[in-house]
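Listed below are the residues making up each chain.
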Amino acid sequence: MKNQFICEAGEICDRLYFIKKGMVRGYFVSDGIELTTWVDTENEVFTSITGFFRNQPCQENIQSLEETYCDYLEYEDYKYCLNNFPEMRQINRILLEEYYILAEQRVYLARIPNAQKRLAYYMENMKPHIVERIPRKHLASYLAIRPETLSRLLKERH
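Residues numbered from 1 in each chain as written. Predicted model: local features only at pLDDT ≥ 70, side-chain atom pairs only at ≥ 80, totals over all residues. Heavy atoms only, no water.

### Structural notes on the pairing of strand β6 (residues 61–64)
Thinking step 1. Of the two faces of β6, the one holding Asn-61 and Gln-63 and the one holding Ile-62 and Ser-64 are both buried throughout.
Thinking step 2. Here two bridges tie strand β1 (residues 5–7) to β6, and the two strands are oriented antiparallel to one another. Its bridge partner being in β6, Phe-5 is matched across the sheet by Gln-63.
Thinking step 3. Pairing analysis gives four bridges linking strand β3 (residues 23–30) to β6, with the strands arranged antiparallel. Within β6, the position partnered with Tyr-27 by the bridge is Asn-61. (Buried < 20%, exposed > 50% of the residue type's maximum accessible area, 1.4 Å probe, protein only. Helix = DSSP H or I, 4+ residues; strand = E, 2+ residues; numbered from the N terminus. Pairing = 2+ DSSP bridges.)

### With respect to the environment of Asn-43
Thinking step 1. Note that Asn-43 resides in the loop between β4 (33–41) and β5 (45–46).
Thinking step 2. Residues Asn-43 and Phe-18, spaced 25 residues apart in sequence, show a C-alpha to C-alpha distance of 6.4 Å.

### Some points on the sheet that holds β5
Thinking step 1. An order of β5-β2-β7 is seen for the three strands of this open sheet, with the pairing classed as antiparallel. A single partner strand is all that each edge strand has here, and the edge strands are β5 and β7 (69–74).
Thinking step 2. Here two bridges tie strand β2 (residues 15–21) to β5, and the two strands are oriented antiparallel to one another. Counterpart to Phe-18 in the pairing with β5 is Val-45.
Thinking step 3. The strands touched by helix α2 (residues 75–84) are β2 and β7; relative to β7, the strand with the most contacts, the crossing angle is about 65°. (Contact = heavy atoms within 4.5 Å. Axes fitted to C-alpha atoms, helices over the stretch in contact; angles between N-to-C directions.)

### Details of the environment of Thr-36
Thinking step 1. Mapped onto the fold, Thr-36 is located in strand β4.
Thinking step 2. On a C-alpha basis, the gap between Thr-36 and Arg-25 in space is 6.9 Å, while along the polypeptide they are 11 residues apart.
Thinking step 3. Non-local contacts of Thr-36, meaning those with residues more than four positions away in its chain, are made with Arg-25, Gly-26, Tyr-27, His-138, Ser-141 and Tyr-142.
Thinking step 4. Polar side-chain contacts of Thr-36 include one of 2.9 Å to the side chain of Arg-25. (Polar contact = N/O pair within 3.5 Å; in protein donor to acceptor, adjacent residues only side chain to side chain.)

### Brief notes about helix α5 (residues 136–143)
For the α-helix, the turn length of 3.6 residues means that residues three or four positions removed from each other point alike.
Thinking step 1. Counting buried positions over the eight residues of α5 gives six, a clear majority of the element.
Thinking step 2. Residues His-138, Leu-139, Ala-140, Ser-141, Tyr-142 and Leu-143 constitute the buried set of α5.
Thinking step 3. Those residues of α5 that are buried are in contact with β3, β4, α3 (86–111), α4 (115–125) and α6 (147–157).
Thinking step 4. Directly beyond the C-terminal end of α5, a positive phi value near 60° is found at Ala-144.

### A look at the packing of α3 against α4
Thinking step 1. Running from N to C, α3 and α4 point in directions that differ by 155°, and their axes come no closer than 9 Å. For the element pair α3 / α4, the angle class is roughly antiparallel. Crossing handedness for the pair α3 and α4: right-handed. Between α3 and α4, the residues in contact are Gln-105, Tyr-108 and Leu-109 and Arg-118, Tyr-121, Tyr-122 and Asn-125, respectively.
Thinking step 2. Class assignment for the residues of the contact of α3 with α4 results in four nonpolar, two polar and one charged. (Parallel < 35°, antiparallel > 145°, perpendicular 65-115°, else oblique. Left-handed = near helix turned anticlockwise from the far one by under 90°. Nonpolar A, V, L, I, M, F, W, Y, C, P; charged D, E, K, R; others polar.)

### Here we look at the confidence of the model for the protein chain
Thinking step 1. A residue-level look at the protein chain finds 100% of positions with pLDDT of 70 or above and a mean pLDDT of 93.
Thinking step 2. The weakest mean pLDDT in the protein chain belongs to helix α1 (residues 49–53) at 89; the strongest belongs to β6 at 97. (pLDDT = per-residue confidence, 0-100.)

Next up, the structure:
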């Protein structure tokens, strides 16, 4: 369902999700403002890192942005598979590598001081294929720019 909460800040997220169709975002609220920290779409895996891997309350909200369909693996099943199937350890290693790469990209993106250069980096290195699908306010938040600035920059790119 669109705009459905998959996990809310403070809850334990005990599932690792695989998106079959749709889009989800992670965000937290600071001074009443929603700050989007990531957006995932089809064929990507998501969870609350702290909530899932540390079995602690998650720090962010996870919300669907479109009609979204996911498969998931519960934490206990995940641990069982890691302990009993060597191929799961290989899959886990690949997943962790992908998470680290995406985390590195997000950190780099956040350190670019110029809005135009942040958008250019996103379009060249991250997920340009989903720009038209992401609600502008969430993309602007993710890029740490005002929605009006994002609109102007996108018009300039065309």
